[in-house]
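Chain by chain, the residues run as shown.
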Amino acid sequence: MRRFFRKLFPLVLILILVGVGYFYKSWFIEQYHHAKGMYYIYKGDQAYSADNMGQTINYYQRGLDLFPQHYEAWFNLGNIYAVHEDYYAAVDAYEHAIEANPKFVMARMNLGIVYSEDLGFFDDAIKQFDTVTQIRLLKLWIPWVYSNVKSIKGNRGLAYFNKGVAWRQKALYLPLEKQYLAYKY
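Calculation criteria
Residues numbered from 1 in each chain as written. Predicted model: local features only at pLDDT ≥ 70, side-chain atom pairs only at ≥ 80, totals over all residues. Heavy atoms only, no water. Axes fitted to C-alpha atoms, helices over the stretch in contact; angles between N-to-C directions. Helix = DSSP H or I, 4+ residues; strand = E, 2+ residues; numbered from the N terminus. Parallel < 35°, antiparallel > 145°, perpendicular 65-115°, else oblique. Left-handed = near helix turned anticlockwise from the far one by under 90°. Contact = heavy atoms within 4.5 Å. Nonpolar A, V, L, I, M, F, W, Y, C, P; charged D, E, K, R; others polar. Phe/Tyr/Trp six-rings, centres within 6.5 Å; stacked < 30°, edge-to-face > 60°. Buried < 20%, exposed > 50% of the residue type's maximum accessible area, 1.4 Å probe, protein only. 1 Å grid on protein atoms, 1.4 Å probe; cavity = no way out; pocket = protein on both sides within 12 Å on 5 of 7 lines; lining within 4 Å. Points joined across faces, edges and corners; volume = space filled by probe spheres on them. Expected span 1.5 Å × (residues − 1). Core = buried A, V, L, I, M, F, W, Y, C linked by side-chain atoms within 4.5 Å.

As for the packing of helix α4 (residues 71-83) against helix α5 (residues 87-100)
Each pair of packed helices gets described by two things: the angle between the helix axes and the distance between those axes.
Okay, so step 1: Packing of α4 against α5 leaves a shortest axis separation of 8 Å and a crossing angle of 165°. Between α4 and α5, the interaxial angle falls into the category roughly antiparallel. In the packing of α4 onto α5, the handedness of the crossing is left-handed. Of α5, the residues touching α4 (which contributes Y71, W74, F75, L77, G78, N79, Y81 and A82) are Y87, A89, A90, A93, Y94, H96, A97 and A100.
Okay, so step 2: Looking at the contact of α4 with α5 residue by residue, the classes come out as 13 nonpolar, three polar and no charged.

Details of the packing of aromatic side chains
Working definition: an aromatic ring pair is given by the centre-to-centre distance plus the angle between the planes.
Okay, so step 1: Enumeration according to the criterion identifies eight aromatic pairs in this entry.
Okay, so step 2: Geometrically, the ring pair formed by Y115 and F121 is tilted, given 5.9 Å between the ring centres and 55° between the ring planes.
Okay, so step 3: Residue classification places F121 among the partly exposed residues on the basis of a relative accessible area of 34%.
Okay, so step 4: When the centroid spacing of 5.7 Å and the interplanar angle of 15° are considered together, the rings of F122 and Y173 count as stacked. Here F122 is found in helix α7 (residues 122-134), whereas its partner Y173 is found in the segment after α8 (149-172), with 51 residues between them in sequence.

Side note on the layout of surface pockets
Okay, so step 1: Of the voids in this model, the largest pocket is the one considered here, and its volume is about 150 Å³.
Okay, so step 2: The biggest single contributor to the lining of the largest pocket is α8, with four residues.
Okay, so step 3: Looking at side-chain class alone, the lining of the largest pocket contains five nonpolar, three polar and one charged residues.

Comments concerning α5
Okay, so step 1: Along its 14 residues, α5 runs 20 Å from first to last C-alpha, staying within 8% of the 20 Å computed at 1.5 Å per residue.
Okay, so step 2: Within α5 the residues assigned to the buried category are A89, A90, V91, A93, Y94, A97 and I98.
Okay, so step 3: Check the buried side of α5 and you find it contacts α4, α6 (105-119) and α7.

Some remarks on the nonpolar core
What tends to happen in soluble globular proteins is that the nonpolar side chains get buried as a cluster.
Okay, so step 1: Core analysis: the biggest nonpolar cluster contains 34 residues, and L77, Y81 and Y94 have the highest contact counts within it.
Okay, so step 2: Of all the elements in the fold, those that place two or more residues in this core are α3 (53-66), α4, α5, α6, α7 and α8.

Right, dumping it as C-alpha coordinates:
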(Lines give C-alpha, C1' and ligand atoms only; values in the text may rest on other atoms or scores of the structure.)
Protein backbone atom coordinates (compact mmCIF):
# COMPACT_ATOMS: atom_id res chain seq x y z
CA MET A 1 0.00 0.00 0.00
CA ARG A 2 2.78 2.41 0.93
CA ARG A 3 4.61 1.62 -2.32
CA PHE A 4 1.43 2.32 -4.27
CA PHE A 5 1.07 5.81 -2.71
CA ARG A 6 4.76 6.50 -3.21
CA LYS A 7 4.35 5.90 -6.97
CA LEU A 8 0.98 7.63 -7.15
CA PHE A 9 2.04 10.86 -5.41
CA PRO A 10 4.41 12.13 -8.15
CA LEU A 11 1.78 11.36 -10.79
CA VAL A 12 -0.90 13.28 -8.88
CA LEU A 13 1.51 16.17 -8.34
CA ILE A 14 2.30 16.34 -12.06
CA LEU A 15 -1.40 16.25 -12.93
CA ILE A 16 -2.09 19.10 -10.49
CA LEU A 17 0.73 21.20 -11.98
CA VAL A 18 -0.52 20.55 -15.52
CA GLY A 19 -4.06 21.47 -14.49
CA VAL A 20 -2.95 24.66 -12.77
CA GLY A 21 -0.77 25.49 -15.79
CA TYR A 22 -3.73 25.02 -18.10
CA PHE A 23 -6.10 27.24 -16.13
CA TYR A 24 -3.51 29.88 -15.13
CA LYS A 25 -1.47 29.91 -18.31
CA SER A 26 -1.13 33.72 -18.42
CA TRP A 27 0.29 33.79 -14.88
CA PHE A 28 2.96 31.21 -15.78
CA ILE A 29 3.84 33.14 -18.94
CA GLU A 30 4.11 36.36 -16.92
CA GLN A 31 6.40 34.67 -14.40
CA TYR A 32 8.54 33.32 -17.22
CA HIS A 33 8.90 36.84 -18.66
CA HIS A 34 9.80 38.21 -15.21
CA ALA A 35 12.48 35.55 -14.77
CA LYS A 36 13.90 36.18 -18.24
CA GLY A 37 13.83 39.94 -17.61
CA MET A 38 15.66 39.47 -14.32
CA TYR A 39 18.29 37.43 -16.14
CA TYR A 40 18.92 40.26 -18.62
CA ILE A 41 19.01 42.81 -15.80
CA TYR A 42 21.54 40.61 -13.99
CA LYS A 43 23.65 40.50 -17.16
CA GLY A 44 23.29 44.28 -17.37
CA ASP A 45 24.50 44.63 -13.78
CA GLN A 46 27.55 42.54 -14.65
CA ALA A 47 28.27 44.71 -17.70
CA TYR A 48 27.74 47.83 -15.53
CA SER A 49 30.35 46.54 -13.07
CA ALA A 50 32.73 45.86 -15.96
CA ASP A 51 32.18 49.47 -17.18
CA ASN A 52 30.78 48.30 -20.53
CA MET A 53 27.98 50.83 -20.94
CA GLY A 54 26.90 49.80 -24.43
CA GLN A 55 26.23 46.23 -23.31
CA THR A 56 24.66 47.51 -20.09
CA ILE A 57 22.12 49.61 -21.95
CA ASN A 58 21.26 46.74 -24.29
CA TYR A 59 20.78 44.24 -21.47
CA TYR A 60 18.77 46.67 -19.36
CA GLN A 61 16.48 47.55 -22.25
CA ARG A 62 15.89 43.87 -23.05
CA GLY A 63 15.25 43.11 -19.40
CA LEU A 64 12.94 46.09 -18.89
CA ASP A 65 10.91 45.15 -21.96
CA LEU A 66 10.11 41.88 -20.19
CA PHE A 67 9.95 43.16 -16.59
CA PRO A 68 9.20 46.91 -16.57
CA GLN A 69 8.59 47.10 -12.78
CA HIS A 70 12.30 46.74 -11.93
CA TYR A 71 12.90 50.25 -10.59
CA GLU A 72 16.61 49.83 -9.83
CA ALA A 73 17.34 48.95 -13.47
CA TRP A 74 15.45 52.07 -14.55
CA PHE A 75 17.48 54.07 -12.04
CA ASN A 76 20.81 52.69 -13.30
CA LEU A 77 19.72 53.34 -16.88
CA GLY A 78 18.90 56.93 -15.93
CA ASN A 79 22.33 57.34 -14.35
CA ILE A 80 24.02 56.07 -17.50
CA TYR A 81 22.01 58.43 -19.70
CA ALA A 82 22.75 61.37 -17.40
CA VAL A 83 26.49 60.67 -17.49
CA HIS A 84 26.37 60.51 -21.29
CA GLU A 85 24.39 63.79 -21.36
CA ASP A 86 21.22 62.30 -22.84
CA TYR A 87 19.11 64.19 -20.32
CA TYR A 88 15.67 63.56 -21.78
CA ALA A 89 16.28 59.80 -21.82
CA ALA A 90 17.55 60.08 -18.24
CA VAL A 91 14.37 61.92 -17.21
CA ASP A 92 12.29 59.21 -18.87
CA ALA A 93 14.21 56.45 -17.07
CA TYR A 94 13.96 58.20 -13.68
CA GLU A 95 10.23 58.75 -14.19
CA HIS A 96 9.77 55.05 -14.93
CA ALA A 97 11.69 54.21 -11.74
CA ILE A 98 9.45 56.55 -9.73
CA GLU A 99 6.36 55.08 -11.36
CA ALA A 100 7.47 51.59 -10.30
CA ASN A 101 8.39 52.74 -6.76
CA PRO A 102 6.96 56.14 -5.71
CA LYS A 103 9.10 56.18 -2.52
CA PHE A 104 12.40 55.75 -4.38
CA VAL A 105 14.22 58.75 -2.94
CA MET A 106 17.40 58.56 -5.01
CA ALA A 107 15.49 58.50 -8.31
CA ARG A 108 13.52 61.58 -7.27
CA MET A 109 16.72 63.29 -6.16
CA ASN A 110 18.54 62.56 -9.43
CA LEU A 111 15.48 63.57 -11.44
CA GLY A 112 15.38 66.89 -9.61
CA ILE A 113 19.09 67.44 -10.22
CA VAL A 114 18.73 66.74 -13.94
CA TYR A 115 15.69 69.04 -14.09
CA SER A 116 17.42 71.94 -12.34
CA GLU A 117 21.05 71.76 -13.41
CA ASP A 118 20.83 70.36 -16.92
CA LEU A 119 17.40 71.17 -18.35
CA GLY A 120 16.42 74.33 -16.47
CA PHE A 121 13.02 73.05 -15.32
CA PHE A 122 13.34 74.66 -11.92
CA ASP A 123 9.71 74.34 -10.80
CA ASP A 124 9.65 70.61 -11.60
CA ALA A 125 12.92 70.16 -9.71
CA ILE A 126 11.55 71.97 -6.68
CA LYS A 127 8.48 69.70 -6.72
CA GLN A 128 10.71 66.63 -6.74
CA PHE A 129 12.82 67.92 -3.84
CA ASP A 130 9.65 68.78 -1.88
CA THR A 131 8.39 65.26 -2.44
CA VAL A 132 11.69 63.83 -1.17
CA THR A 133 11.38 65.84 2.04
CA GLN A 134 7.81 64.61 2.56
CA ILE A 135 8.48 60.89 2.00
CA ARG A 136 8.42 59.04 5.30
CA LEU A 137 10.50 55.88 5.17
CA LEU A 138 10.75 53.26 7.87
CA LYS A 139 13.73 54.00 10.07
CA LEU A 140 15.39 50.73 10.96
CA TRP A 141 18.13 50.45 13.54
CA ILE A 142 19.58 47.11 14.60
CA PRO A 143 22.56 47.64 16.91
CA TRP A 144 25.91 46.69 15.34
CA VAL A 145 24.16 45.22 12.29
CA TYR A 146 22.20 47.78 10.26
CA SER A 147 21.00 51.35 10.43
CA ASN A 148 19.40 53.50 7.76
CA VAL A 149 18.63 56.44 10.04
CA LYS A 150 21.70 58.44 9.01
CA SER A 151 21.06 57.98 5.27
CA ILE A 152 17.39 58.97 5.60
CA LYS A 153 18.35 62.17 7.43
CA GLY A 154 21.20 62.83 4.99
CA ASN A 155 18.97 62.42 1.95
CA ARG A 156 16.39 64.79 3.43
CA GLY A 157 19.14 67.34 4.08
CA LEU A 158 20.44 66.97 0.52
CA ALA A 159 16.92 67.51 -0.79
CA TYR A 160 16.65 70.80 1.15
CA PHE A 161 20.07 71.87 -0.13
CA ASN A 162 19.23 71.01 -3.75
CA LYS A 163 15.90 72.80 -3.38
CA GLY A 164 17.79 75.93 -2.33
CA VAL A 165 20.14 75.57 -5.30
CA ALA A 166 17.15 75.25 -7.65
CA TRP A 167 15.56 78.39 -6.16
CA ARG A 168 18.85 80.27 -6.58
CA GLN A 169 19.18 79.17 -10.21
CA LYS A 170 15.58 80.13 -10.86
CA ALA A 171 16.33 83.60 -9.49
CA LEU A 172 19.47 83.94 -11.65
CA TYR A 173 17.58 83.21 -14.86
CA LEU A 174 14.85 85.78 -14.29
CA PRO A 175 14.30 88.36 -17.03
CA LEU A 176 15.51 91.88 -16.27
CA GLU A 177 12.03 93.27 -15.65
CA LYS A 178 11.44 90.63 -12.96
CA GLN A 179 14.77 90.88 -11.12
CA TYR A 180 12.95 92.19 -8.05
CA LEU A 181 11.62 88.62 -7.54
CA ALA A 182 15.16 87.33 -6.94
CA TYR A 183 14.95 88.34 -3.27
CA LYS A 184 11.65 86.52 -2.95
CA TYR A 185 13.16 83.32 -4.31
